[in-house]
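An overview of the molecular structure
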Amino acid sequence: MSELADEYRLEYFEEEGFVRTECSECGAHFWTRDESRETCGEPPCAEYDFIDNPGFEAEYSLEEMREAFLSFFEERDHERIDPYPVAANRWRDDVLLTQASIYDFQPLVTSGETPPPANPLTVSQPCIRMQDIDNVGKTGRHTMAFEMMAHHAFNAREAAGNRYAYQGEVYWKDRTVELCDELLDSLGADVTDVTYIEDPWVGGGNAGPAIEVIYRGLELATLVFMCMEQDPDGEYELKDGNRYSYMDTYIVDTGYGLERWTWMSQGTPTVYEAIYPEMISFLKENAGISHTDEEAALVNRAAHLSGQLDIDDVDDVEAARDDLAAQLDVSTDELRTLLEPLEDIYAIADHCRTLAYMLGDGIVPSNVGTGYLARMVLRRTKRLCDTVGVDAPLDELVDMQADRLGYENRDTIRDIVRTEVEKYRETLERGGRRVESLSEEYAAKGEPIPTDELIELYDSHGIQPDMVAEIADDVGADVDVPDDFYSLVAQRHDSSGALESTTEEEDERFEDLPKTEKLYYDDQQRTQFEAVVLDVFERDEGYDVVLDQTMFYPEGGGQPADTGTLSTDDVTVDVTDVQIEDGVVLHRTDDTPGKGEFVNGQVDTGRRRQLMRHHTATHVVIHSAREVLGEHVRQAGAQKGVDSSRIDLRHYDRIDRDDVKEIERIANELVMDNTAVTQEWPDRHEAEAEHGFDLYQGGIPPGEQIRLIHVAEDVQACGGTHVARTGDIGAIKIRSTERVQDGVERITFAAGEAALEATQATEDALYEAAEVLDVSPADVPETAARFFEEWKDRGKQIEELTEQLAEARAGGGDGADEVDVGETTAVVDRIDTDVDELRATANAIAEEGTIAVLGSGEDSAQFVVAVPDGVGVNAGEVVGELAAKVGGGGGGPPDFAQGGGPDVDALDEALEDAPDVLRQIQDA
RNA sequence: GGGCCCAUAGCUCAGUGGGAGAGUGCCUCCUUUGCAAGGAGGAUGCCCUGGGUUCGAAUCCCAGUGGGUCCA
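The structure presented is a predicted model; accordingly, all values stated were derived computationally and were not measured. (Residues numbered from 1 in each chain as written. Chains lettered and ligands numbered in written order. Predicted model: local features only at pLDDT ≥ 70, side-chain atom pairs only at ≥ 80, totals over all residues. Heavy atoms only, no water.)

**Observations regarding the overall build of chain A**
Across its full length, chain A carries 23 helices and 33 strands. Against the compact-globule benchmark of 29 Å for 924 residues, chain A has a radius of gyration of 38 Å, which places it well outside the compact range. Projecting the C-alpha coordinates of chain A onto the three principal axes gives extents of approximately 125 × 95 × 55 Å. The 924 residues of chain A split such that 50% are buried. The contacts in chain A between residues at least 6 apart in sequence include a share of 64% that link residues at least 24 apart. A total accessible area of about 43400 Å² is found for chain A, and carbon and sulfur atoms account for 42% of it. Of the charged side chains in chain A, 77 are positive and 204 negative, and the gap between their average positions amounts to 4 Å. (Helix = DSSP H or I, 4+ residues; strand = E, 2+ residues; numbered from the N terminus. Rg over C-alpha atoms; globule rule 2.2 N^0.38 Å. Buried < 20%, exposed > 50% of the residue type's maximum accessible area, 1.4 Å probe, protein only. Contact = heavy atoms within 4.5 Å. Areas by Shrake-Rupley, 256 points an atom, 1.4 Å probe, with all protein chains shown as cover. Lys, Arg positive; Asp, Glu negative; His and termini not counted. Charge placed at Lys NZ, Arg CZ, Asp CG, Glu CD.)

As structure tokens, then:
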């Protein structure tokens, strides 16, 4: 780290009379105005010094503190921007949730490809850190949901010129520290008590010097100066062991924890009481938690102490409780009974806030991705409510937070929560029954429930081991939950966890070629153009042709490539596929038109028209689905085609037939309105400001300008080709819906000619069915139902008749051979009929006290042997012997067996041998 | 994106290659008529769909559909 030490020698520190000191406890270097100071001030080197002794002049609520921060920076030339969604996977695919304000600008802004929405800027960004979930409520300071207040400045070195989307320096380290100092001062903090600790930051391939801002034992902010990137040849080796070098861009990345600043201003025992006091008191009352003055005092003292302990995970908390109890002079159990309900309530409040953020930003509970995280949090919250005895419905609790956070889609949020709670209830009920019967089984055997079963219950049925233990205890079965239970579950999953790193090889052949001019955006209706062949590359099969400009649409955004031809005066080549790499469009052809030639390009018009219809129709269907199902509906994927297209939508429920009809109706109304479909290329930040994040249904494009497609009121960022007016779509027909994952519904639809064909295909099927039944199409459902009922009745009748026939046969006298086998007699007969009848007959004969050996030679040779009670002949063995004679096998219980073989010709011979076989087996 | 589990009577489920079952509910009768009453009898099944293996599939294999669950 010493290499970076110079980075911290700031003019600002010098001017203000700061000294650099080494902490006497941990050895960290820090800057302070107080020359006599010895420790860095951060726990465990120091204690919380603000509980019951607020560090700021006035008390602030969460909302007031946020406003104070943002307006402070606004007054100092920062532009305030709206926060981004907590679902970071909506603009980047490397993470699921927003965990810091800088996530908003990664990777496109930090890399310099796209300009920031403002520079410098300030924001209060809601974040969710799932990794803290176990600590919430217990440590007094951990929250899963929080707002990271921040100010950012994006700088680029002068020497880089215009290579990046922003140029020059806005401000750097001195101004950043100065702003922080000034902010603390403006809130009335005692700045001589503030320490700035040197703490280099490394993460995500970037690094740089960073400063932790500590006041009265609490870390209030981290000031990161991101200016290095990982580089094997880099000059500096940092704490992660990798080498780094300086970048052309350097970025001020600060993080001020809104909750901590609020807490500091109030000095409450825990952060939770400072940030949502109303909810805490509501929950306490609802759960019936009340304390005597004596107990209240004890709780307060305990909170005081636990706040000062250095506890960063739950194991520490449990261990610390003993210490705590000793210091407070009470028993550990007594302390636990008092504190645990409070801890649960703190966690419930925090989890509800997390859920409000997640669901409010359009995350739908699911078995995959962010949806799974939402489901986990929701179920955990529900369990906490049940444990502590909060009986208010969960949707109401989440709504309290959603209301406070100002979400407008509160009804949808409540609906989602209710649906999800119901699903959880069903899972628990199912699981409960399962555990019960399993427990009874093992209790009867007198064995404990094995670990395998526990893992199976958790992994496949979502039942926690503690729940199993609870139920098993009621039934009287033993359960032994191994300490490493969850790692056993994990083992079950990584059969070969080695991720295949698909290192995409950059094709360097195209580097020197200019980007192809895209004519398909100029006039989307044209399909013919002229161009110059810049280069031709030979492939394994065929060629890649690069032109100076093209009308051919390369595959992208779920729209397949155009096909068509390129012609010179001498030759015409077929274009079978079109791809784009680094802005260079590659036309895959069967032959080469020749480098340097002028070509006439012709796009396959029919195909292109269908693709355009489907693409515009996709926008229309999404729009209709949002009208019908709700604003939370979002595209999770799409694929356009010529005959049909499909879109995957995030939705928390199944799409039923009525929904489909309504979506279809609204979509076709839009088609009939025949409104214009327009495109524009606005500045991306203006577009975002006007239309919000919902623009990006199909991913986020890079660049300063983005292409927007307007269809009626619907606006989406889109790079595809579209028809000119909605009427050109012709018609939209939804062909099917299916649930592709939990929380993701796939709609398959057809547009234009394909819609007509799809409808006709369905009608054909109906007409054919009508013809078979000889009724009119309208009568098909009723007739089919009747036929089905009648068919079932026939089955029952046949069964009855078979039995009657069998009894009649057994009554005898139809010339069957009757032979003596020891003390009993046997009937040996061949009846060419199906096995059911054979079986019934054999049973009937056996009822009369006679052994039945029946054979049938309909398709293959079949035997049925029935033996009356108390006769010492094993039917299974008899059948085995007989079946072997016809080249097959057979078996069954001793009193009734069946078998057979393929050799029908040998059937009669086998039956002739049957009496001998019977006698042999009886003797044996 | 990946793994695992499940689909049998109205409901809950058992049945692992050979005659489709239990509990509960339903219908009828009897006994009682007081709170989940007792007894006797009865009806109820495309064993999810399609293919394959086999003399024979609810059962084994493959695919699909529907549902559940865990992980990244």
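**Brief notes about the domain arrangement of chain A**
Entries for chain A in the domain assignment read domain 1 (11-267), domain 2 (272-494), domain 3 (508-603), domain 4 (609-764) and domain 5 (817-923). Using only C-alpha atoms to locate each centre, domain 2 and domain 4 end up separated by 40 Å. Contact residues are listed per partner, giving 13 residues for domain 2 and eight residues for domain 4. The largest per-residue losses of area from domain 2 upon contact with domain 4 belong to G362, V364 and T412, which jointly make up 39% of the total buried on that side. The interface formed by domain 2 and domain 4 contains two salt bridges. (Domains from an automatic or database assignment. Buried area = accessible area lost by both parts, 1.4 Å probe. Salt bridge = Lys/Arg side-chain N within 4 Å of Asp/Glu carboxyl O.)

**Points about the protein's contact with RNA strand B**
The environment of RNA strand B is made up of 39 residues, and the closest members are G369, Y372, T427, R654 and Q898. For RNA strand B, the backbone makes up 58% of the atoms found within 4 Å of the protein, where backbone means sugar plus phosphate. Take Y458: an N or O atom from its side chain is 3.0 Å from a phosphate oxygen of RNA strand B. At a separation of 3.3 Å, a phosphate oxygen of RNA strand B approaches a polar side-chain atom of R839. (Near = heavy atom within 4 Å. Polar contact = N/O pair within 3.5 Å; in protein donor to acceptor, adjacent residues only side chain to side chain.)

**Focus: the UniProt feature "binding site: Zn(2+)" (unreviewed entry) in chain A**
Mapped onto this numbering, the UniProt entry gives "binding site: Zn(2+)" (unreviewed entry) at H615, H619, C718 and H722. Across 108 residues of sequence, these annotated residues stay compact in space, with a maximum C-alpha separation of 9.9 Å. Once residues lying within four places of it in the same chain are set aside, the contact partners of H619 are I709, V711, D714, Q716, C718 and H722. As for its position among the elements, C718 is in the loop between strand 25 (714-717) and strand 26 (732-741). When near neighbours in sequence (up to four residues on either side) are disregarded, C718 contacts H615, H619, R707 and I709. (UniProt positions renumbered as here; feature names shortened; annotations may be inferred.)

**Here we look at the sheet that holds strand 33 (residues 896-901)**
Spatially, the six strands line up as an open sheet ordered 28-29-30-31-33-32, and their pairing is mixed. Of all strands in the sheet, those bounded by a partner on one side alone are strand 28 (817-821) and strand 32 (889-891). Averaged over all pairs of adjacent strands, the angle between strand axes in this sheet comes to 15°, irrespective of strand direction. Across five bridges, strand 30 (residues 851-856) lies against strand 31 (residues 861-866) in antiparallel orientation. By the bridge assignment, G855 is partnered in strand 31 with F863. Relative to the sheet, helix 22 (residues 875-885) contacts strand 30, strand 31, strand 32 and strand 33, its axis offset from that of strand 33 by approximately 10°. (Pairing = 2+ DSSP bridges. Axes fitted to C-alpha atoms, helices over the stretch in contact; angles between N-to-C directions.)

**What to know about the nonpolar core**
Formed by 116 residues in total, the largest nonpolar core has its most connected members in F56, L184, Y196, Y256, W261 and L397. Of all the elements, helix 9 (residues 332-360) adds the most residues to this core, at 15 residues. Residue assignment places this core across two domains, with domain 1 (11-267) and domain 2 (272-494) each supplying three or more. In this structure L184 touches F56, A189, V191, V194, Y196, V213, L220 and W261, once residues within four positions along its chain are discounted. Judged by nonpolar contacts, the second largest core, of 33 residues, contains A118, Y166, M247 and L708. (Core = buried A, V, L, I, M, F, W, Y, C linked by side-chain atoms within 4.5 Å.)

**Considerations on the packing of aromatic side chains**
How two aromatic rings sit relative to each other is set out by the distance from centre to centre and by the angle between their planes. Under the counting rule described, the total for this entry stands at 34 aromatic pairs. On the basis of an interplanar angle of 75° and a centroid distance of 5.4 Å, the ring pair of F105 and F154 is categorised as edge-to-face. Residue F105 is found in the loop between strand 3 (79-80) and strand 4 (121-128), and its partner F154 is found in strand 5 (residues 145-156); the two are separated by 49 residues along the sequence. F154 carries the same exposure label as F105, and that label is buried. Taking the centre distance of 5.5 Å and the plane angle of 85° together, the rings of Y236 and Y246 count as edge-to-face. Remark: Y246 occurs in strand 12 (residues 243-257) and Y236 occurs in strand 11 (residues 236-237); sequence separation between them is 10 residues. Take Y236: its relative accessible area is 14%, and that puts it in the buried class. For Y246, a relative accessible area of 32% corresponds to the partly exposed category. (Phe/Tyr/Trp six-rings, centres within 6.5 Å; stacked < 30°, edge-to-face > 60°.)

**Some details on the side chain of H632**
Mapped onto the secondary structure, H632 falls in the loop between helix 16 (605-629) and strand 21 (634-639). Among the polar contacts listed, one links the side chain of H632 to the side chain of H651, at a separation of 2.8 Å. The contacts of H632, once residues within four sequence positions are left out, are G362, V364, T412, R650, H651 and Y652.

**Considering unusual backbone geometry**
Here the residue pair N119 and P120 is connected by a cis peptide bond, since its omega of 0° sits within 30 degrees of zero. Here P120 lies in the loop between strand 3 and strand 4. A positive phi angle is found at D77, which is not glycine, with a value near 70°. Position of D77 among the secondary structure elements: in the loop between helix 2 (62-74) and strand 3. Residue D77 is classed as exposed on the basis of its relative accessible area, which comes to 68%. Positioned with a positive phi, D774 is a non-glycine residue whose angle comes to about 60°. Within the element layout of this structure, D774 appears in the loop between helix 19 (753-773) and helix 20 (780-810).

**Points about the environment of T550**
Counting through the fold element by element, T550 comes out in strand 16 (residues 549-550). Measuring from C-alpha to C-alpha, the distance between T550 and T527 comes to 9.8 Å, with 23 residues separating the pair along the chain. For T550, the residues in contact, after removing those within four places along its chain, are T516, E517, K518, L519, Y520, F529, V585 and H587.

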